[in-house]
Amino acid sequence: MTATVETPLVPGPVQGPTREEPMVEALLLDDYRSLARLAYMILPPSISRARRIAAAHRVVQSALPPGLPLPERDPRGFLRRRVVQEASLQAADRSVLERLGSVFAPADPADFDPCAIDLDRTAIVRRCRRGRRVALAGTGVLTLCVLTALLLLS
């Protein structure tokens, strides 16, 4: 599905538009799903899935602020670079403790789509099981460390 617009559909302000809004809207409509997935993959998995999906959509929607002109050469590449830049900035703003959470967070499957409306119940169940296993393993290791320390001190 490609949407190309030759002339602006909505007239701009009296001074004139800063860029062709219909062109930007057409680019976003064509590539929105892939841009949201790209932003989702860059954001750290330590935050919850729902917050990460919302952040990915926010990154795509704010990729082109109103004052930023759209280049005439390779506008799709420019838009992808902006999404990568915005998502990387949001990921870098996280503290060290928040980044450590991604070590224990279960990974999403490769075919996960952040733009999907219907939920895949089996994937959610698998993710919960994997998270439970990681939590149980961490608790087991912590218990062994505490018991070892108690035995060594006595």
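Everything below is about the structure printed above this text.
Keep in mind that what you see is a predicted model, and the values were worked out from it rather than measured.

K.L.:
Would you mind showing me how to read the overall build of the protein chain here?
P.N.:
Tallying secondary structure elements over the protein chain gives five helices and zero strands in all. Reading the helices (α) and strands (β) of the protein chain from amino to carboxyl end gives α-α-α-α-α. The buried share of the protein chain, taken over its 154 residues, is 27%. Of the roughly 10900 Å² of accessible surface on the protein chain, 64% is carried by carbon and sulfur atoms.

K.L.:
Looking at this structure, I do not really get unusual backbone geometry. What am I missing?
P.N.:
Note: most peptide bonds trans; most residues except glycine with negative phi. One non-glycine residue, Asp74, lies in the positive phi region at around 50°. Secondary-structure assignment places Asp74 in the loop between α2 (49-61) and α3 (75-92).

K.L.:
Please clarify how the environment of Val84 should be interpreted in this entry.
P.N.:
Tracing the backbone through its elements, the reader meets Val84 in helix α3. A relative accessible area of 31% means that Val84 is categorised as partly exposed. The sequence separation of Val84 and Leu43 amounts to 41 residues, and the corresponding C-alpha distance is 9.7 Å. Setting aside chain neighbours within four positions, we find Val84 in contact with Leu38 and Ile42.

K.L.:
In this structure, what is going on with α2? I would like to understand it.
P.N.:
Each turn of an α-helix holds 3.6 residues, which means side chains three or four residues apart point in the same direction. Here α2 spans 18 Å end to end across 13 residues, near enough to the 18 Å set by a 1.5 Å rise per residue. What α2 keeps buried is the set Arg49, Arg52, Ile53, Ala55, Ala56, His57, Val59 and Val60.

K.L.:
Would you explain the packing of aromatic side chains in this entry?
P.N.:
Each aromatic ring pair is characterised by the separation of its centres together with the angle its planes make. This model, assessed by the stated rule, comprises zero aromatic pairs. Sitting above the plane of the Tyr40 ring, Arg52 keeps its charged end 4.0 Å from the centroid.

K.L.:
Whenever I open this one, the packing of α2 against α3 confuses me. Can you help?
P.N.:
In a packed pair of helices, the relevant descriptors are the angle between the two axes and the axis-to-axis distance. The N-to-C vectors of α2 and α3 enclose an angle of 135°; their axes lie 9 Å apart at closest approach. Here α2 is positioned oblique relative to α3, judged by the angle of their axes. The handedness of the crossing between α2 and α3 comes out as right-handed. Between α2 and α3, the contacting residues are Ala55, Val59 and Val60 on the first element and Val83, Glu86, Ala87 and Gln90 on the second. In terms of residue class, the contact of α2 with α3 is built from five nonpolar, one polar and one charged.

K.L.:
What am I meant to see in the pattern of salt bridges here?
P.N.:
What the rule picks out here adds up to four salt bridges. As a salt-bridge pair, Arg76 and Asp30 come within 3.5 Å of each other at their nearest N and O atoms. Of the two residues, Arg76 sits in helix α3 while Asp30 sits in helix α1 (residues 21-42), which places them 46 residues apart along the sequence. We note a salt bridge from Arg81 to Asp74, for which the minimum N-O separation is 4.0 Å. A single salt-bridge network, built from bridges that share partners, covers Asp30, Asp31 and Arg76.

K.L.:
I tried to follow a nonpolar patch on the surface on my own but got confused; where do I start?
P.N.:
Where nonpolar side chains cluster on the molecular surface, the patch consists of Leu142, Val146, Leu147 and Leu150 and spans about 380 Å² of accessible area. Among the secondary structure elements, Leu142 is positioned in helix α5 (residues 121-153). With relative accessibility at 55%, the residue Leu142 sits in the exposed group.

Cut-offs and rules
- One numbering rule holds for all chains: residues counted from 1, following each sequence as written.
- For a predicted model such as this one, the threshold for reporting local features is a pLDDT of at least 70, and the threshold for listing and counting side-chain atom pairs is 80 or more; totals across whole chains, interfaces and linings nevertheless cover every residue.
- By convention in this description, side-chain values take in all heavy atoms of the structure and omit both hydrogens and water.
- Secondary structure elements are taken from DSSP: a helix is a run of H or I of four residues or more, a strand is a run of E of two residues or more, and numbering for both begins at the N terminus.
- Exposure classes here rest on a 1.4 Å probe applied to the protein chains alone. A residue is buried below 20% of its type maximum, exposed above 50%, and partly exposed in between.
- For the accessible areas, the method is Shrake-Rupley and the probe is 1.4 Å, while residue cover comes only from the protein chains on display.
- It only takes one pair of heavy atoms within 4.5 Å for two residues to be counted as in contact.
- Helix span, as expected, comes to 1.5 Å for every residue beyond the first.
- Working definition: a ring pair exists when centres of Phe, Tyr or Trp rings (six-membered ring for Trp) sit within 6.5 Å. Plane angles under 30 degrees give stacked, over 60 give edge-to-face, the rest tilted.
- Only lysine NZ and arginine CZ atoms are considered, and such an atom sits over a ring when it is within 6 Å of the ring centre and within 35 degrees of the ring normal.
- Only C-alpha atoms enter the line fits that serve as axes; for helices the fit covers just the stretch in contact. Angles between N-to-C directions range over 0 to 180 degrees.
- Orientation labels follow simple angle bins: below 35 degrees gives roughly parallel, above 145 gives roughly antiparallel, 65 to 115 gives roughly perpendicular, and whatever is left gives oblique.
- Whether a crossing is left-handed or right-handed is set by the direction in which the near helix is turned from the far one by less than a right angle, anticlockwise for left-handed and clockwise for right-handed.
- In this classification, Asp, Glu, Lys and Arg are treated as charged, Ala, Val, Leu, Ile, Met, Phe, Trp, Tyr, Cys and Pro as nonpolar, and every other residue, Gly included, as polar.
- Put simply, a salt bridge is a Lys or Arg side-chain nitrogen that is within 4 Å of an Asp or Glu carboxyl oxygen.
- Each patch is built from residues that are more than 30% exposed by relative accessible area and take part in no salt bridge. Like charges join if they lie within 9 Å; nonpolar side chains (Val, Leu, Ile, Met, Phe, Trp, Tyr) join within 5 Å.

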